[in-house]
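The primary structure of each chain is shown beneath.
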Amino acid sequence: MDGMGDVAVGVKRGSDELMSTSVYNSGSDMSSISDVTANGSDSKSNGSDSKKLRVEDRMEAPPSRVLHIRKLPNETSESEVIALGLPFGKVTNILTLKGKNQAFLELGTEEAAITMINYYSTVTPHVRNVPVFIQYSNHKALKTDSGNQRAQAVLQAVSAVQGGGTPTSGSIVDLTAASSPVLRIIIDNMFYPVTLDVLQQIFSKFGTVMKIITFTKNNQFQALLQFNDPPTAQQAKIALDGQNIYNSCCTLRIDYSKLVNLNVKYNNDKSRDYTRPELPAGDGQPAMDPNMAAAFQGKDSNSLLGGLSPLNAAAAAAAAAGRVALSGHSGSSGVLLASNLNEEMVTPQSLFTLFGVYGDAQRVKILYNKKDSALIQMADANQAQLAMSHLNGQKMHGKAIRVALSKHTSVQLPRDGLDDQGLTKDFTNSPLHRFKKPGSKNFQNIFPPTTTLHLSNIPTDVTEEDLRLLFSNAGGTVNAFKFFQDHKMALLQMSTVEEAIQGLIDLHNYNMGDNHHLRVSFSKSTI
């Protein structure tokens, strides 16, 4: 879709023509509109508009279902403006102001507008990662002209979706009619865990979520989510596709599923049928939390969130559901307890290397009186949760390890002069931390343990046979190998996940000569 720059405001019109007659006394946004000409420039050149905007910042209009949005990025599209309001209710009109980086959004009810304003008073709204300013308009309704064709086309398409119809074939908006109430959701760049409950909280803002099934395919977390009807699924897809659940990560990729109905057998952390709370949890799966079940049986499936916007509320939803420990929340901790370790083989260094795939491990302490257990202190609670979700149950040195959040808030170093037999090590200043640089590409390459390893920083004179032999000697069988085009990186596939874990522990940071230290991580690719 083209940007806001293509919106035609039409001939020069005063604010009385653009708006309905039901307005309050002259207010902030009214002065902005009355100064807009056909080409979007200010009709007054004496700087009065900037003065009015400064006054506007100090004024508060009474509640209205029309909201005034300022400081929008250049070329913001109508659909991006509409997406700000969709989670809170039906959008009934939109007016974008060319060259002013402003827009007016009319919601179906004043209550929806109040909910939106209340939420954005605590959480800064963003469009294209740029903060924008939203306040009540002094106008009670918008009356836009037929010349504003693109905005009207967008509005018609969204209205058709919200009303259960289909956008007209002549619409210039790229909206594909939904044929199924089931969405297929893929989470890209999943730096933090995304649970079934988080998805329910996000998507229920758009309508009744009936069923969810989560699974991992091609080493990516995916979900099938069923709404009560196709138009609701379409509305959710329009608003959420491409959005991030958390800042700069956990991106939603949404498409329609070929399935029209999901068959859910169990209510647990992997699948849920909200219409049948009596379903069993299944063998070895945690049952649905009783408090969550009570909430979902009620009429308001958003009871845990109140008026929160879905994406920004995902973290709050997860915390409320008791699924994700978030830094800054009471009871959260960056310290993990790993147990059922092979005490003959495990070392602080091996635990640092493995847990370091999912965060920057600061300190590791193998317990003196229980050497099959260890405390691992991560940089924050989110990294601890990420490591726990990926490593709990994985086999290391022949034993399935157990990983849980610890009641400790930090790992204590031994007192000066006390020899703890090398059971405690401080890695705070280690050069091997993968995530110490903000925006590092490593944030985008976090995957569960897999048989396929990604190798990088390979010297040019190292051959495939050299690498096959190196990983075979680590204790395992190399099933496949593939160099990237420049031979500085490669994929290497072991026969089991346990062998791949062992290879990563043994050979990450291995000196290949000439100060080339091999970098090893898990890959989502297969050979």
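The rules behind these values
Residues numbered from 1 in each chain as written. Predicted model: local features only at pLDDT ≥ 70, side-chain atom pairs only at ≥ 80, totals over all residues. Heavy atoms only, no water. Pairing = 2+ DSSP bridges. Helix = DSSP H or I, 4+ residues; strand = E, 2+ residues; numbered from the N terminus. Axes fitted to C-alpha atoms, helices over the stretch in contact; angles between N-to-C directions. Contact = heavy atoms within 4.5 Å. Salt bridge = Lys/Arg side-chain N within 4 Å of Asp/Glu carboxyl O. Buried < 20%, exposed > 50% of the residue type's maximum accessible area, 1.4 Å probe, protein only. Arc of directions from axis to C-beta. pLDDT = per-residue confidence, 0-100. Core = buried A, V, L, I, M, F, W, Y, C linked by side-chain atoms within 4.5 Å.

- Naming follows an unreviewed UniProt entry, where the protein chain appears as Polypyrimidine tract-binding protein 2 isoform X1 of Salmo salar.

### Overview of the sheet that holds strand β14 (residues 363-366)
(1) Moving on: Overall, antiparallel pairing links the 5 strands, which are arranged β18-β13-β15-β14-β19 in an open sheet. Edge positions in the open sheet fall to β18 (402-405) and β19 (424-426), since each of these has one partner strand only. Direction aside, the axes of adjacent strands within the sheet are offset by 15° on average.
(2) Moving on: Of the pairings in the sheet, the one linking strand β13 (residues 335-339) to β18 comprises 4 bridges and is antiparallel in character. Along β18, the bridge assignment pairs Ala 338 with Val 403.
(3) Moving on: Lying on the sheet, helix α11 (residues 348-355) is in contact with β13, β14, β15 (374-377), β18 and β19; it crosses β14 at an angle near 135°.
(4) Moving on: Along the sheet, helix α12 (residues 381-391) contacts β13 and β18; its crossing angle with β18, the most-contacted strand, is approximately 155°.

### Concerning the pattern of salt bridges
(1) Moving on: Counted under the stated rule, the structure contains 8 salt bridges.
(2) Moving on: One salt bridge in this structure joins Arg 253 and Asp 188, with 3.1 Å as the shortest N-O distance. Of the two residues, Arg 253 is situated in strand β11 (residues 249-256) and Asp 188 in strand β7 (residues 182-188); the sequence distance between them amounts to 65 residues.
(3) Moving on: Judged by relative accessible area, Arg 253 falls into the partly exposed class, the value being 39%.
(4) Moving on: For Arg 276, the salt bridge identified is with Glu 278, shortest N-O distance 3.3 Å.

### Section: helix α5 (residues 110-120)
An α-helical turn contains 3.6 residues, so any two residues separated by three or four positions project in the same direction.
(1) Moving on: For α5, the set of buried residues is Ala 112, Ala 113, Met 116, Ile 117, Tyr 119 and Tyr 120. For α5, the angular spread of the buried residues around the axis is 165°, confining them to a single face.
(2) Moving on: Residues of α5 that are buried sit in contact with β1 (66-70), α4 (78-85), β3 (102-107) and β6 (133-136).

### Considering the sheet that holds strand β22 (residues 490-494)
(1) Moving on: If you walk across this open sheet you meet the 4 strands as β21-β22-β20-β23, and the pairing is antiparallel. A single partner strand is all that each edge strand has here, and the edge strands are β21 (478-483) and β23 (519-522). Adjacent strand axes in the sheet meet at a mean angle of 20° when their direction is disregarded.
(2) Moving on: Sheet topology places strand β20 (residues 452-456) next to β23; 4 bridges connect them, and they run antiparallel.

### Looking at the confidence of the model for the protein chain
The predicted coordinates should not be examined in detail at positions where pLDDT is low.
(1) Moving on: Model confidence for the protein chain is summarised by a mean pLDDT of 75, while 70% of its residues fall at 70 or above.
(2) Moving on: The weakest mean pLDDT in the protein chain belongs to helix α1 (residues 15-18) at 34; the strongest belongs to α11 at 97.
(3) Moving on: For the stretch residues 160-177, pLDDT sits under 50, and the model shows 32 contacts to residues farther than four places along the chain or on other chains.
(4) Moving on: In this model, residues 288-332 is a region of pLDDT below 50 whose contacts with residues beyond four sequence positions or in other chains number 89 contacts.

### Re the nonpolar core
(1) Moving on: Counting residues in each nonpolar core, the largest one holds 106 residues, and the members touching the most others are Ile 187, Phe 203, Phe 355, Leu 455 and Phe 471.
(2) Moving on: In terms of residue count, the dominant contributor to this core is α5 (6 residues).
(3) Moving on: Within the second largest apolar cluster, 5 residues are counted, among which are Val 66, Leu 95, Leu 97 and Leu 142.

### Quick notes on the environment of Thr 477
(1) Moving on: Locating Thr 477 in the fold gives a position in the loop between α13 (464-473) and β21.
(2) Moving on: Those residues in contact with Thr 477, other than ones at most four positions away along the chain, are Gln 493, Met 494, Ser 495 and Glu 499.

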